[in-house]
Amino acid sequence: MNELPQQLVNGLLLGAMYGLVAIGYTMVYGIVQLINFAHGEIFMVGGFGALTVYLYALPDGTTMWVALPLMLVGGIITAVLVAIGAERFAYRPLRGAPRLAPLITAIGLSLALQQAIWAWYPDARSAITFPQIDGGPFEIGNVTIQTGDVFLIAAAPISMAILAYFVMKTRTGRGMQATAQDPDTAKLMGINTDRIIVVAFALGAAFAAVGALAYGLKYGEVQFRMGFILGLKAFTAAVLGGIGNIYGAMLGGLVLGVAEALSTAYIADIPGMEQFGSQSWANVWAFVLLILVLLFRPQGLLGERVADRA
């Protein structure tokens, strides 16, 4: 029990990272009813964009506190450009096609992005060391905060506050809500739905890039396959919270992160369950949680915010 506060903090931090990526899944699905399985790779590309800025655009000896905002901007720009290109050239031509076509395209795009980074960064075939913030760790009572998590602690709530303001208070945000509710009526009311869809892809990619920078700082490395499992977990978080619900995506991420941290920490202490408490089993427990939620509350924790257009 003495470890419980630490495990809860670990889970909340991990869940915040899942939630940042899950926002992209839920926004795109809410507007165009597309599960963008390439979003995990957009997250990965954002991490490599941030790393590229650090390695090639900054002079040697630049401190991380100076480099960090520039890396964030570089990661966001890279991820947003890739996401907009994917929407324009891969998904938009298939918008009226059967749903299986864009799904297969998303999987193909995911593999293509992995191979592109693999070819561009030969070192990415194994993990590449990611620059770290000096100082720390920080002790708050019985809880230890690693230096790499400091960025995530600040970035996650700020990102959610910006997103909430954008969706609720801006003209484009209201246009996104209208398009998600009924795209045909939105067009009749003068809303440029193509532009709204591009904005949704771009916003989702920007939040994924924030999550990618947090990932690199947290784990100290990036590699070209890092978006696959994390993307699946982020999609799980979006479904847990209620697909199409941006607040549900973050809530689902937090629930998933806490469940993963607690299962890893405590299941191994149960007699006969030692092998089920390893880190490799944490991925299994995440999907067990998803199955349970779908069995007892298929609409997700906060409910789906998407109108049924079938």
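Residues numbered from 1 in each chain as written. Predicted model: local features only at pLDDT ≥ 70, side-chain atom pairs only at ≥ 80, totals over all residues. Heavy atoms only, no water.

Chemist: Explanation requested: the side chain of E87 in the structure shown.
Modeler: Position of E87 relative to the elements: it lies in helix α3 (residues 64-91). For E87, a relative accessible area of 1% corresponds to the buried category. There is a polar contact of 2.6 Å between the side chain of E87 and the side chain of R95. (Helix = DSSP H or I, 4+ residues; strand = E, 2+ residues; numbered from the N terminus. Buried < 20%, exposed > 50% of the residue type's maximum accessible area, 1.4 Å probe, protein only. Polar contact = N/O pair within 3.5 Å; in protein donor to acceptor, adjacent residues only side chain to side chain.)

Chemist: Please clarify how the side chain of Q7 should be interpreted in this entry.
Modeler: Assignment of secondary structure puts Q7 in helix α1 (residues 4-32). Aside from chain neighbours lying at most four places away, what touches Q7 is A261, L262, A265 and Y266. (Contact = heavy atoms within 4.5 Å.)

Chemist: Looking at this model, I keep getting lost on the pattern of salt bridges. Mind explaining?
Modeler: Two side chains carrying opposite charge are able to pair once their charged atoms lie near each other. The full count for this structure, using the stated rule, is 5 salt bridges. Across the pair E87 and R92 runs a salt bridge whose closest N-O atoms are separated by 3.1 Å. In this structure, the salt-bridge partner of R95 is D194, at a minimum N-O distance of 2.5 Å. Of this pair, R95 sits in the loop between α3 and α4 (100-120) while D194 is found in helix α8 (residues 193-219), placing the two residues 99 residues apart along the sequence. Judged by relative accessible area, which is 32%, D194 ranks as partly exposed. Linked through salt bridges whose partners overlap, the residues forming this network are E87, R92, R95 and D194. (Salt bridge = Lys/Arg side-chain N within 4 Å of Asp/Glu carboxyl O.)

Chemist: I tried to follow the packing of helix α2 (residues 39-57) against α3 on my own but got confused; where do I start?
Modeler: For any two helices packed against each other, the geometry comes down to the angle between their axes and how far apart the axes lie. In contact at an axis separation of 7 Å, α2 and α3 are set at 140° when each is read in the N-to-C sense. Regarding the angle of α2 to α3, the classification is oblique. When the axes of α2 and α3 are compared, the crossing they make is right-handed. Contact with α2, carried on its side by I42, V45, G46, G49, A50, V53 and Y54, involves M64, A67, L70, M71, G74, G75, T78, A79, V82 and A83 of α3 and no other residues of that element. Per-class residue counts for the contact of α2 with α3 are 12 nonpolar, 5 polar and no charged. (Axes fitted to C-alpha atoms, helices over the stretch in contact; angles between N-to-C directions. Parallel < 35°, antiparallel > 145°, perpendicular 65-115°, else oblique. Left-handed = near helix turned anticlockwise from the far one by under 90°. Nonpolar A, V, L, I, M, F, W, Y, C, P; charged D, E, K, R; others polar.)

Chemist: Honestly, the environment of E221 in this entry has me stumped. Any pointers?
Modeler: By the secondary structure assignment, E221 is in strand β4 (residues 221-222). When the C-alpha positions of E221 and I191 are compared, they lie 42 Å apart, and in sequence the two are 30 residues distant. Leave out the neighbours within four places in its chain, and E221 touches A127, I128, T129, F130, Y215 and G216.

Chemist: I'm lost on the confidence of the model for the protein in this one. Help?
Modeler: The predicted coordinates of low-pLDDT regions are not to be read in fine detail. Averaged over every residue, the pLDDT of the protein is 88; the share at 70 or more is 93%. Between the elements of the protein, mean pLDDT differs from a low of 80, seen in helix α11 (residues 279-296), to a high of 96, seen in α8. Counted against residues more than four places away or in other chains, residues 306-310, with its pLDDT under 50, gives 14 contacts. (pLDDT = per-residue confidence, 0-100.)

Chemist: What is the right way to look at the packing of aromatic side chains in this model?
Modeler: Each aromatic ring pair is summarised here by two numbers: the centre-to-centre distance and the angle between the ring planes. A complete count under the given rule lists 6 aromatic pairs for this structure. What links up through ring pairs into an aromatic cluster is the set Y25, F37 and F235. Cation over ring: K218 sits above Y219, and NZ or CZ is 5.9 Å from the ring centre. (Phe/Tyr/Trp six-rings, centres within 6.5 Å; stacked < 30°, edge-to-face > 60°. Lys NZ or Arg CZ within 6 Å of the ring centre and 35° of its normal.)

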